[in-house]
Amino acid sequence: LFSPRANRIFPYDNTFKVEGYGEVKTKAGTFKAFKIGWTQENRGPYSWTGRVTLWYSPEVKAVVKVAYHTTGWPGEDFELESYTLK
């Protein structure tokens, strides 16, 4: 991964895995969604590993919920609050 801010390449390894399919509740309602695990490992000078769970709904055609499961990786869990299909 190239970081323009640092003007160098960082050795990130990303792994995505579909971990299931089922209902997920959000503020916008309950949706059928794929549960996807995303793990990122940085083997550079500041080594760390991060994990995020994403729920992707084919009905909404978007990620409807995100949960962070790691320390040292700033992030805030979020979920869909409303939507309109066009």
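Refer to the structure printed above.
Now for a description of the structure that goes with this document. Not measured: the values here are computed from a predicted model. (Residues numbered from 1 in each chain as written. Predicted model: local features only at pLDDT ≥ 70, side-chain atom pairs only at ≥ 80, totals over all residues. Heavy atoms only, no water.)

**Comments concerning the packing of aromatic side chains**
- This structure, assessed with the given rule, holds three aromatic pairs.
- Plain terms: the ring middles of Phe16 and Trp38 are 5.4 Å apart, the flat faces sit at 15° to each other, and that makes the pair stacked. In this pair, Phe16 sits in strand 3 (residues 12–26) while Trp38 sits in strand 4 (residues 29–42), placing the two residues 22 residues apart along the sequence.
- Judged by relative accessible area, which is 53%, Phe16 ranks as exposed.
- Each ring, one from Phe31 and one from Tyr83, has its centre 5.5 Å from the other, and the planes form 65°; the classification is edge-to-face. Taken together, the positions of Phe31 in strand 4 and Tyr83 in the segment after strand 7 (78–79) put the pair 52 residues apart, joining distant regions of the chain.
- Phe31 gets classed as buried once you look at its relative accessible area, which sits at 4%.
- In this structure, Lys65 packs its charged tip against the face of Trp55, placed 5.6 Å from the ring centre. (Phe/Tyr/Trp six-rings, centres within 6.5 Å; stacked < 30°, edge-to-face > 60°. Helix = DSSP H or I, 4+ residues; strand = E, 2+ residues; numbered from the N terminus. Buried < 20%, exposed > 50% of the residue type's maximum accessible area, 1.4 Å probe, protein only. Lys NZ or Arg CZ within 6 Å of the ring centre and 35° of its normal.)

**Section: the sheet that holds strand 7**
- Read from one edge of the open sheet, five strands run 3-4-5-6-7, paired in antiparallel fashion. Taken across any chain shown, the strands that pair with only one partner, and hence form the sheet edges, are strand 3 and strand 7.
- Here strand 4 pairs with strand 5 (residues 48–57) via nine bridges, running antiparallel. Bridge assignment links Glu41 to a residue of strand 5, and that residue is Thr49. (Pairing = 2+ DSSP bridges.)

**Some words on the pattern of salt bridges**
- Enumeration over the complete set of coordinates arrives at two salt bridges.
- In this structure, Glu19 and Arg51 form a salt bridge, with 2.9 Å as the shortest nitrogen-oxygen distance. Taken as a pair, Glu19 in strand 3 and Arg51 in strand 5 lie far apart in primary sequence, 32 residues in all.
- Taking the relative accessible area as the measure of exposure, Glu19 reaches 37% and is therefore partly exposed.
- Note on Arg51: relative accessible area 27%, which makes it partly exposed. (Salt bridge = Lys/Arg side-chain N within 4 Å of Asp/Glu carboxyl O.)

**So, a nonpolar patch on the surface**
- Together, Val18, Tyr21, Phe34, Tyr56 and Val63 line one region of the surface with nonpolar side chains, adding up to about 440 Å² of accessible area.
- Turning to its location among the elements, Tyr21 is positioned in strand 3. (Patch = residues over 30% accessible without salt bridge, like charges linked within 9 Å, V, L, I, M, F, W, Y side chains within 5 Å. Areas by Shrake-Rupley, 256 points an atom, 1.4 Å probe, with all protein chains shown as cover.)

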